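Here is how the chains run, residue by residue.
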Amino acid sequence: MLLYQWHLLMGLMLLHEMKGTMVKLNNGGFEDIVIAINPALSEDNKIINSIKDMVKQASSYLFSATKQRFYFKSVKILIPLNWIHKSEYKRVTRESYNNADVIVADPFLKYGDEPYTLQYGGCGEPGRYIHFTPNFLTDDSLLIVYGPRGRVFVHEWAHLRWGVFDEYNNDAPFYTTGKYKAEATRCSLDITGQYVFQTKSGSTRKCEVQQHNHLYESECLFLPDKDQTTSASIMYMQALPSVTQFCDKSNHNVRAPNLQNKMCDFKSTWEVIMGSPDFASSSSRSTPPPDPTISLLQMQERVVCLVLDVSGSMAGYNRIARLKQAAETFLLQTVEDGSWVGIVTFNNEATIQTGLRQIVSDSVRKTLNGYLPISANGGTNICAGVQKGFQVFSHKYANTEGCEIVLLTDGEDSSLSSCFAEVQRSESVIHTIALGPSAAKELEMLADMTGGLKFSATDSVDSSSLVDAFSGISSGSRSINLQSLQIESKGESIGPRQWMYGTVSIDKTVGNDTFFVITWSVSMHPPKIYLTAPRGKNYTTADFVIENTNLQTARLKIPGTAEAGDWTYSIQNTESAAQVLSITVTSRAASATVPPVTVKSYMSRDTNKFPNPTIIYAEVTQGFSPVIGAKVMATVESASGVSTEVELLDNGSGADILRNDGIYSRYFTAFKENGRHNIKVSVQGKDETAKRTRRHSHTLYIPGFIEAGEIKMNPPKPQPNENETQGNVENFSRIASGGSFLMTDVPAGNIPDVFPPCKITDLKVELTEEEEFHFFWTAPGNDFDVGKAERYEIKMSIDPLELRETTFHSAISLNTSALIPEVAGTKQSFQYKAENFTKENGTSIYFAIRAIDDSNNFGEASNIAIATMFVSEFLQPPSNNEYSKIVTIVAITICSFIVLCALVGIIICVLKKRKMSDPRSLETGK
């Protein structure tokens, strides 16, 4: 029950913690929804006008769909910096493209204009964002296949806000309901239509039911009647004029093999919505809502101030030197060209080291680098530093709206909350970096209240977390092609005269502005450095630049575009004592038109309380195309510097809700202490195993309608070029900081086993020719998806609702004494022969499984799988094409029989006449 209850609580936490959304619910009205136009799009006012119309239409539709409970109250449209400025455009404050609720962008590959919502979590958990293409918003010919844009927006909003799932399934468009009976996967069943097969010539015929599985043939299409009487459901086909409601308990189709049933334990979409925090805090309105208020905000040039702690505690643990190394990475490599940057230092008081300078050349970057601190003393006054940062902004701008502060501190400050109100009013964004275990506990509150990023870094000698934090603070509203990407980040304690070896894969999507940075911790002399490019060019220590103000950092900038391929390095510690050597590699996109492979890392929550697990996510994409088959490792580092590695998976089991969607995830339960934990994700694509693919879930493309009994086909759905959408990705390396989270209530000493096995989400059942049930699933662990469970329970029922979590224990049990659990992640199977089982033709049997660990912690009941029983018969029913032949044969047979009977009758009559006319027959009486 622990996991089940935890999932129910996750929804509210995830609204802010997982995606940093700024949306508020005020008396049923959603406020501050952010719709951001991609910075790479060319100016087109049609997009803005279409968004306005869509939002207005969607608000009234949502109000009706939610029984007069919710509507859209205010929406902000973020306009790219390079679009012509207009007087009605306001300045962006804390909104950004990266944290937008809806993004408008071209797909990377021209696979169509299907809207979709990117969902990471399970049922009831909010999604990441909605993606509309500009063509979807401006091409009215798409209205016939998707429906009015406002309706589509509401469909996607339900995904994003309430964590419901689609009620159709492109991979399983039909399901059997009995002997030679099939239905379209839909909700509700009251939606009527015809099953049509379109031939290559363009003509149509009725679909045939296949004998081996009792489903309609491949490429059969369900065409709904344009005129319907049912009002449900929006999560199936919102384009139908009659559809104005979500499926509820009264009309939900529990037999449909869709994600809504799989992910939400056969609950209807309206039941999930009613269970949300939104529903609990709202009520129905008696009057129609006002039209949404729509604001136009234009993205601005980036303005950022480094506010750096130089108090006495920064002199310990080599912190001030490490700060210099990490901040250099930000100034020389990370911050984007055209940005304005200032620097403030603080201890008891704050000092402006330099006002805002625009990054227009490498010389400006080096000048700024010269203002970084190299010594530390005094106390800690964080508010003084923040206020001085505001002063830096005010020297150039009338207000601080949209300006960013990167705040680093290692000290406690009991007066920090005194400037919270001023920070809130500033409309600025504060990114926080907590260095060491004693940084102010209230520090993250500054980031939370301003929409900033949160990082932590430890004093561990071989940790690169401080460099990773500064490298992770990229612009939230600049094109990804302009942003610095971290390719490698590695640190090790290397013994005397020993070497550190490695390979860095630079793929063709990156290569511009490429830096190799080597740091060391003890010596005043650089280590021996050997770097070899893919074609054999060698770089040595002499090719690296060592700054006069930082004698423990060597930096090499590769001219032009770095050669694609594997770069190998060898670094020797030439000292007589051990020291930490580290390497950091950053680069930018090689092309303005081809997006690079990117990695974004997130956590399910950034404040956690034992014994709840944390889920770590990594989204690996090229443009909007998922990259699958990569090796993704997450490193979780506690406040004391203890690191734990865990491999993230994209296998559709455990924490991962969809297989091969480019989102890699894993539960993390290896908590050893309280306090801050930071996360770093390392991604490697090797040996042609990494491939680019398409998103799974999209708004349903309607192939056609039945109008007044006539079939009217829509234009065929555009088919993507498989060579493009599913091509191999070259060898690549990426690093991404996942920020930090705070852990509390971890017990001291031996930690009890309170974590159950995770829910099995990929159970499948097949019925063999030997009439055995064959089960397949991915093994869970002892603690969620780590280790090995102790035993399994499998239950069966003819009613899927009996197999839900609350009633699972009372369903019929299967004998699983011979079933031995495997290590988490292993593919398992089990065959079961039902004894004394009375099967009726077309009966559907449902199954679910759960795992139990050696401490008797019960995992959550799995997804519910189905097997349909069919009795073999000598006579099989005919197909539609065969039917007319059989009718003809039967008719001919009947006619032949009639003719034969007539002939026999004639012959008998003739013979009788002959006998009557024969005198001999009269004589004999015969």
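Further up the page is the structure itself.
It should be emphasised that the depicted structure is a prediction, and the values quoted were computed from it without experimental measurement. (Residues numbered from 1 in each chain as written. Predicted model: local features only at pLDDT ≥ 70, side-chain atom pairs only at ≥ 80, totals over all residues. Heavy atoms only, no water.)

A. Highlighting the sheet that holds strand β19 (residues 404-409). The 6 strands lie next to each other as β18-β17-β16-β19-β20-β21, forming an open sheet whose pairing is mixed. Every other strand in the sheet has two partners, leaving β18 (350-358) and β21 (454-457) as the edge strands with one partner each. If you compare each strand with its neighbour and ignore which way they point, the axes differ by 15° on average. Where strand β20 (residues 429-435) lies against β21, 4 bridges are found, and the strand directions are parallel. The residue of β21 that forms the bridge with I433 is F455. Contacting β16 (303-309), β17 (340-346), β18, β19 and β20, helix α12 (residues 382-394) runs over the sheet at an angle of about 30° to β18. Packed onto the sheet, helix α14 (residues 443-450) meets β19, β20 and β21 and runs at close to 155° relative to β20. (Pairing = 2+ DSSP bridges. Helix = DSSP H or I, 4+ residues; strand = E, 2+ residues; numbered from the N terminus. Axes fitted to C-alpha atoms, helices over the stretch in contact; angles between N-to-C directions. Contact = heavy atoms within 4.5 Å.)

B. Broad picture of the packing of helix α10 (residues 319-334) against helix α11 (residues 362-369). Two elements in contact, α10 and α11, have axes separated by 9 Å at closest approach and are oriented at 155°. Overall, the two elements α10 and α11 adopt an arrangement that is roughly antiparallel. Between α10 and α11 the crossing geometry is right-handed. Here α10 contributes K324, E328, L331, L332 and Q333 to the contact with α11, which in turn contributes R365, K366, L368 and N369. (Parallel < 35°, antiparallel > 145°, perpendicular 65-115°, else oblique. Left-handed = near helix turned anticlockwise from the far one by under 90°.)

C. Structural view of the packing of helix α2 (residues 45-65) against helix α5 (residues 149-162). Interhelical geometry of α2 versus α5 gives an angle of 70° and a closest axis separation of 8 Å. As summarised for this structure, α2 and α5 are arranged roughly perpendicular, according to the angle between their axes. Taken as a pair, α2 and α5 cross one another with a handedness that is right-handed. Across the interface between the two elements, S50, M54, V55, Q57, A58, Y61 and L62 from α2 touch R149, G150, R151, F153, V154, W157 and W162 from α5. Across the contact of α2 with α5, the residue classes break down as 9 nonpolar, 3 polar and 2 charged. (Nonpolar A, V, L, I, M, F, W, Y, C, P; charged D, E, K, R; others polar.)

D. View of the sheet that holds strand β23 (residues 499-506). Sheet architecture is open: 4 strands sit in the order β23-β29-β25-β26, paired in antiparallel fashion. The two strands at the open ends of the sheet, each matched to only one other strand, are β23 and β26 (538-540). On average, each strand axis in the sheet is tilted by 15° relative to the strand beside it, whichever way the strands run. The pairing of strand β25 (residues 528-532) with β26 spans 3 bridges and is classified as antiparallel. Each residue of the ladder has a partner; that of L531, found in β26, is Y539.

E. Inspection of α11 at higher detail. Along α11, the positions that sit buried rather than exposed are V364, R365, L368 and N369. Each buried residue of α11 sits inside an arc of 140° when the element is viewed along its axis, so together they form one side. Against the buried residues of α11 lie α10, β17, β18 and β30 (579-589). (Buried < 20%, exposed > 50% of the residue type's maximum accessible area, 1.4 Å probe, protein only. Arc of directions from axis to C-beta.)

F. Local environment of the pairing of strand β11 (residues 181-184). Side chains A182 and A184 project from β11 onto a buried face, and the interleaved K181 and E183 project onto a face without burial. Direction of pairing for strand β10 (residues 174-178) relative to β11: antiparallel, over a ladder of 4 bridges. Looking across to β11, one finds that Y175 is bridged to E183. Linkage of β10 to β11, two consecutive antiparallel strands, is achieved through a turn of 2 residues, within which Y180 is found at a positive phi near 55°.

G. Representation of the side chain of S50 within the structure. Turning to its location among the elements, S50 is positioned in helix α2. Setting aside residues no more than four positions away along its own chain, S50 makes contact with L137 and R149.

H. Expanded view of unusual backbone geometry. Geometrically, the link from C187 to S188 is a cis peptide bond, its omega value of 10° lying close to zero. Note on placement: S188 falls in the loop between β11 and β12 (193-198). Positive phi is not limited to glycine here, since N27 has a value of about 50°. Along the polypeptide, N27 turns up in the loop between β1 (24-26) and β2 (29-31). Classification of N27 by relative accessible area gives exposed; the value is 65%. You will see that A708, though not glycine, has its phi angle at about 55°, which is positive.

I. Molecular detail of the pairing of strand β41 (residues 710-713). The pairing of strand β40 (residues 704-707) with β41 spans 4 bridges and is antiparallel. Bridging from a neighbouring strand, G704 pairs with M713 of β41. A loop of 2 residues connects β40 with β41, the two strands running antiparallel in sequence, and A708 in this loop sits at a positive phi of about 55°.

J. Inspection of the nonpolar core at higher detail. Counting residues in each nonpolar core, the largest one holds 71 residues, and the members touching the most others are F30, F132, F153, W157 and F246. Among the elements that make up this core, the one with the highest residue count is α2 (9 residues). By size, the runner-up hydrophobic cluster in this structure holds 52 residues, among which are A618, V632, F671 and F784. (Core = buried A, V, L, I, M, F, W, Y, C linked by side-chain atoms within 4.5 Å.)

K. Representation of the packing of aromatic side chains within the structure. For the coordinates displayed, the defined rule picks out 34 aromatic pairs. Put simply, the rings of F30, F70, F72, F132, F136, Y146, F153, W157, W162 and Y701 touch in pairs and so form one group of aromatic residues. Above the ring of Y397, the side-chain terminus of K396 is found at 5.3 Å from the ring centroid. (Phe/Tyr/Trp six-rings, centres within 6.5 Å; stacked < 30°, edge-to-face > 60°. Lys NZ or Arg CZ within 6 Å of the ring centre and 35° of its normal.)

L. Structural view of the side chain of T185. Relative to the helices and strands, T185 is located in the loop between β11 and β12. Taking relative accessible area as the criterion, T185 reaches 3% and is therefore assigned buried. A distance of 2.7 Å separates a polar atom in the side chain of T185 from the backbone oxygen of A172. Beyond its immediate sequence surroundings of up to four residues, T185 is in contact with E167, Y168, N169, A172, P173, F174, Y175, Y236, A256, P257 and N258. (Polar contact = N/O pair within 3.5 Å; in protein donor to acceptor, adjacent residues only side chain to side chain.)

Nothing here speaks to function; it is geometry throughout.
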